[in-house]
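# Residue-level structural notes
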Amino acid sequence: MSITKEKTQKIIQDIGGSNLNSGSTEVQVAIFTDRIKTLTEHFKIHKKDNHSRYGLLKLVSKRRKALDYLKKRNEEGYKALIKKLGLRR
């Protein structure tokens with residue numbers, strides 16, 4: 001279910017700017033979003049996998065909290081990030 005190391009490094013490079021910027025809120029939200037997308041694809045095949053569904057709900061909650069924090073601290077960065085990631089808000 002997890003994403004590969006190479007894909008994570010690519011996300012960090014695209015969103016964060018350098019490989020050392022893995023802890024920024026924007027990068028964390030992008031990683032959460034990628035993991036949520038992979039889990040969503042998993043549930044199209046395995047409809048009754050309730051244990052993984054619980055993990056998905058926790059991920060969505062973490063992403064929501066991180067987005068709320070980012071919006072409070074840096075609204076322009078928040079708007080740019082949701083546009084880049086294609087989120088609905």
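Residues numbered from 1 in each chain as written. Predicted model: local features only at pLDDT ≥ 70, side-chain atom pairs only at ≥ 80, totals over all residues. Heavy atoms only, no water.

Once that is clear, we can look at helix H3 (residues 50-73). Here H3 is 24 residues long and its end C-alpha atoms lie 35 Å apart, about the 34 Å a rise of 1.5 Å per residue gives. All buried positions along H3 are accounted for by Ser52, Leu56, Leu59, Arg63, Ala66, Leu67 and Leu70. On the buried face of H3, the contacting elements are helix H2 (25-45) and helix H4 (75-85). (Helix = DSSP H or I, 4+ residues; strand = E, 2+ residues; numbered from the N terminus. Expected span 1.5 Å × (residues − 1). Buried < 20%, exposed > 50% of the residue type's maximum accessible area, 1.4 Å probe, protein only. Contact = heavy atoms within 4.5 Å.)

We now examine the nonpolar core. The tendency in soluble globular proteins is for nonpolar side chains to be buried as a group. Formed by 15 residues in total, the largest nonpolar core has its most connected members in Val29, Ile31, Leu67, Leu81 and Leu85. Secondary-structure elements contributing two or more residues to this core are helix H1 (5-16), H2, H3 and H4. Contacts of Ile31, omitting those with residues within four sequence positions, involve Ile3, Thr8, Ile11 and Ile12. If you look at the next biggest cluster of nonpolar residues, it comprises 6 residues, including Phe32, Leu39, Leu56 and Leu59. (Core = buried A, V, L, I, M, F, W, Y, C linked by side-chain atoms within 4.5 Å.)

Turning to the environment of Ile15, a few remarks are in order. Counting through the fold element by element, Ile15 comes out in helix H1. Classification of Ile15 by relative accessible area gives partly exposed; the value is 21%. C-alpha of Ile15 to C-alpha of Thr25: the two residues are 10 residues apart in sequence and 10 Å apart in space. The residues contacting Ile15, other than those within four sequence positions of it, are Glu26, Val27, Ala30, Leu81 and Lys84.

What follows deals with the packing of H1 against H2. One can describe the packing of H1 onto H2 by two numbers: an axis separation of 9 Å at closest approach and a directional angle of 140 degrees. The angle between the axes of H1 and H2 places the two elements in the oblique class. Here H1 and H2 pass one another in a crossing that is right-handed. Within the contact between the two elements, H1 uses Lys7, Thr8, Ile11, Ile12, Ile15 and Gly16 and H2 uses Glu26, Val27, Ala30, Ile31 and Asp34. Of the residues that constitute the contact of H1 with H2, the class distribution is 6 nonpolar, 2 polar and 3 charged. (Axes fitted to C-alpha atoms, helices over the stretch in contact; angles between N-to-C directions. Parallel < 35°, antiparallel > 145°, perpendicular 65-115°, else oblique. Left-handed = near helix turned anticlockwise from the far one by under 90°. Nonpolar A, V, L, I, M, F, W, Y, C, P; charged D, E, K, R; others polar.)

Moving on: the packing of aromatic side chains. This model, assessed by the stated rule, comprises 0 aromatic pairs. The positively charged end of Arg53 is found above the aromatic ring belonging to Phe43, 4.4 Å away from the centroid. (Phe/Tyr/Trp six-rings, centres within 6.5 Å; stacked < 30°, edge-to-face > 60°. Lys NZ or Arg CZ within 6 Å of the ring centre and 35° of its normal.)

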